[in-house]
Amino acid sequence: MPSNPQTEMFPRGGVLLAASGRREFLSATETRLRGEPLLWEKRLLARDLIGSIGPMLEKILREAGLPARLRRIVSVRITRGVREYGSCNIPKADDSECRLAFSGHLFFEGNAEALIDVVAHELLHACLPSREGHGVDFHRGMALLNEKLGLHIQVYSEKSAIRQSESLYRYKVVCTACRNEFYYLRAGAVVRHPSRYRCAKCGKNAFKVYRILPSEKEKGSV
Ligand SMILES: [Zn+2]
Ligand SMILES: [Zn+2]
């Protein structure tokens, strides 16, 4: 991985998120969501967002009298989660640190706002006592940050926050031998002539094609 020149894209971090710099911050984030960000680029962006808004978030919460202390973030992971958009794990043995994880499906063009909201949601957990969960102080903190930073943090994120394979793609091809799943936007060759192809994972020719129906609105956990 190259050194990290992109951190400079958030020169004033959290300050930018406040009213005046909001658009600038969002567009800097948006720029990095363009194309298909690679896994390490997603992780780098998540880290940069955390570094940019974490300290400011902690300051706002503390000033309002909330028992906030930003833990040391020992790892940031990008997951394949489609039900869980983000998580903050605090080890029982050491309350001074935490591990954050974000669904890779949050990182797509046009989704800067929703991504920042999920990052802020997990940072709120990272600041508050481990027993807090989505309790009273969490709700107070959420309302405060939404008001001061123009965010839309929620207890449960809208399903639209992530690009879900099942909502974006229209065809699912399942290998009945190994259960490997492939998603397609259009009825391409594999969808139309599955018998001509072999599964990349198990080598068998046992595809079943499904048409994906638009699923009803659900909420994801954060
Ligand atoms: Zn297979
Ligand atoms: Zn939560």
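Residues numbered from 1 in each chain as written. Chains lettered and ligands numbered in written order. Predicted model: local features only at pLDDT ≥ 70, side-chain atom pairs only at ≥ 80, totals over all residues.

**Topic: the overall build of the protein chain**
- A count of helical and extended segments in the protein chain gives seven helices and eight strands.
- Here the protein chain holds 222 residues, and 32% of them are scored as buried.
- Considering only residue pairs separated by 6 or more positions, the protein chain has 67% of its internal contacts joining residues 24 or more positions apart. (Helix = DSSP H or I, 4+ residues; strand = E, 2+ residues; numbered from the N terminus. Buried ≥ 20, exposed ≤ 12 C-beta atoms within 10 Å, placed from the backbone. Contact = placed C-beta atoms within 7 Å.)

**Describing helix 5 (residues 136-149)**
- Compared with the 20 Å implied by 1.5 Å per residue over 14 residues, the 20 Å span of helix 5 between its first and last C-alpha is a close match.
- Within helix 5 the residues assigned to the buried category are Asp137, Phe138, Gly141, Met142, Leu145 and Leu149. Projection of helix 5 onto a plane perpendicular to its axis shows the buried side chains occupying an angular sector of 135 degrees, all on one side. Those residues of helix 5 that are exposed and aimed more than 90 degrees away from the buried face are Val136, Ala143 and Glu147.
- Among the residues trailing helix 5, Gly150 stands out with phi positive, at a value near 65 degrees. (Expected span 1.5 Å × (residues − 1). Arc of directions from axis to C-beta.)

**Focus: the pairing of strand 3 (residues 97-103)**
- Where strand 1 (residues 72-79) lies against strand 3, seven bridges are found, and the strand directions are parallel. Note on strand 3: the bridge partner recorded for Thr79 is Ser103.
- Judged from the four bridges that link them, strand 2 (residues 86-89) and strand 3 form a sheet pairing that is antiparallel. Bridged to Asn89 within strand 3 is Arg99. (Pairing = 2+ DSSP bridges.)

**A word on the nonpolar core**
- Core analysis: the largest hydrophobic core is formed by 39 residues, its most contacted members being Leu57, Val119, Ala120, Leu123, Leu124 and Leu145.
- Breaking this core down by element, the ones donating at least two residues are helix 3 (39-63), strand 3, helix 4 (112-127) and helix 5.
- Leu123 has contacts with Ile50, Ile53, Gly54 and Leu57, leaving out every residue within four places of it along the chain. (Core = buried A, V, L, I, M, F, W, Y, C linked by C-beta atoms within 7 Å.)

**Structural notes on the sheet that holds strand 6 (residues 181-184)**
- Read from one edge to the other, the open sheet built from three strands follows the order 6-5-7, with strand pairing classed as antiparallel. Two strands in the sheet have a free side with no partner beyond their single neighbour: strand 6 and strand 7 (207-211). Taken pair by pair, the neighbouring strands of this sheet meet at an average axis angle of 20 degrees, ignoring direction.
- When strand 5 (residues 171-175) meets strand 6, the two strands line up antiparallel, connected through four bridges. (Axes fitted to C-alpha atoms, helices over the stretch in contact; angles between N-to-C directions.)

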